[in-house]
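Residues per chain are reported as follows:
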Amino acid sequence: MDENQTEVVTDFVLAGFSQTPSTEAGLFVLFLFFYVSTWVGNVLIMVTVASDNYLNSSPMYFLLGNLSFLDLCYSTVTTPKLLADFLDNDKLIHYDQCIAQLFFLHFVGAAEMFLLTVMAYDRYVAICRPLHYTTIMSRGLCCVLVAASWMGGFVHSTVQTILTIRLPFCGPNHVDNFFCDVPPVIKLACTDTFVIELLMVSNSGLISTSSFVVLVSSYSTILVKIRSKEGRRKALSTCGSHLMVVTLFFGPCIFIYARPFSTFSVDKMVSVLYNVITPMMNPLIYTLRNKEVKSAIQKLWIKTFS
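Residues numbered from 1 in each chain as written. Predicted model: local features only at pLDDT ≥ 70, side-chain atom pairs only at ≥ 80, totals over all residues. Heavy atoms only, no water.

Enquirer: Got a sec to walk through empty space enclosed by the protein? Specific residues and values, please.
Expert: One pass over the structure, following the stated rule, counts two cavities of 30 Å³ or more. Reported here for the second largest cavity is a volume of approximately 110 Å³. Lining the second largest cavity are 13 residues; nearest its centre among them are H106, G109, A110, M113 and Y257. Elements with a minimum of two residues in the lining of the second largest cavity: helix 4 (95-128), helix 8 (194-225) and helix 9 (229-257). The greatest single-element share of the lining of the second largest cavity, amounting to five residues, is contributed by helix 4. Here the lining of the second largest cavity is built from residues that sort into nine nonpolar, four polar and no charged. (1 Å grid on protein atoms, 1.4 Å probe; cavity = no way out; pocket = protein on both sides within 12 Å on 5 of 7 lines; lining within 4 Å. Points joined across faces, edges and corners; volume = space filled by probe spheres on them. Helix = DSSP H or I, 4+ residues; strand = E, 2+ residues; numbered from the N terminus. Nonpolar A, V, L, I, M, F, W, Y, C, P; charged D, E, K, R; others polar.)

Enquirer: Go over the packing of aromatic side chains, please, and point to the residues and values.
Expert: With the rule as written, the count across this model stands at 21 aromatic pairs. Ring geometry for F31 and F86: centres 5.7 Å apart, planes at 40°, overall tilted. Taken together, the residues span a long stretch of sequence, with F31 in helix 1 (residues 21-51) and F86 in helix 3 (residues 59-86) at a distance of 55 residues. On the accessibility criterion, F31 (4% relative accessible area) is buried. Exposure remark for F86: the relative accessible area of 6% places this residue in the buried category. For the pair F107 and W150, a centre-to-centre distance of 5.5 Å together with 75° between the ring planes defines the contact as edge-to-face. Taken together, the positions of F107 in helix 4 and W150 in helix 6 (residues 139-165) put the pair 43 residues apart, joining distant regions of the chain. Classification of W150 as partly exposed rests on a relative accessible area of 24%. One aromatic cluster is present, formed by F17, F31, F33, F34, F86, F178 and F179 through successive ring pairs. (Phe/Tyr/Trp six-rings, centres within 6.5 Å; stacked < 30°, edge-to-face > 60°. Buried < 20%, exposed > 50% of the residue type's maximum accessible area, 1.4 Å probe, protein only.)

Shown next, in the form of structure tokens:
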């Protein structure tokens, strides 16, 4: 294809969920509730961790605060545009905005995967090597691991984005999802994308699957090393919330990215699960099962409004 014909498409049209105004009005209210809840819950955790001396000095809660920040970023990449599209029949997104959305989606998403793996390592050290926990998981190491998570996400997203922008787009321009992501976007390229798909599946699929395997292996190791029933019960209680986050986040990601980029009708709902629902659920999962966080929130509430 001639080089001058490679980027004829300047705008994409997002499929959204429905073309019925009454249905989209109801969905707007529902997803606005999800987005506001995501902000309230995650900001509350971040402020609570930052304001409580004990939580702020604990590696686990330092990582949790960073997870909440990533959840905010992750949700903000897609949900505001989705809310705007519920009120706009055209649902247009400029090519540059589409690529930017794709980049930040994978940047923050991959960073969160790596951070969840770091949090699993933190729980392994805390439960299996409690006497050395504060020495091993120092604040300096935690900062390095968080920075490494962000860097890993940046490298991953840069690779995905470079592979995408090198493709020619000359029509059609209808993205079969409510946001720009690699699978539906590269299907619109005016060239054979088999090799590109293989590279992207190897990249995204490998990261999500290998991170999930590492997480499950770390929890399995924790349970194997703990002999007493009481110790296992406490370990399950401590790691239960983390396992719920892992299942909610990694399951859909593996389904979307660790297979050939074929479009299924269920893809939109799966995308909602890890783009919208999981960032909202994380604060609930951690606070409802964590007495220390609930106690710190109560103290913060009393201090603020008394």
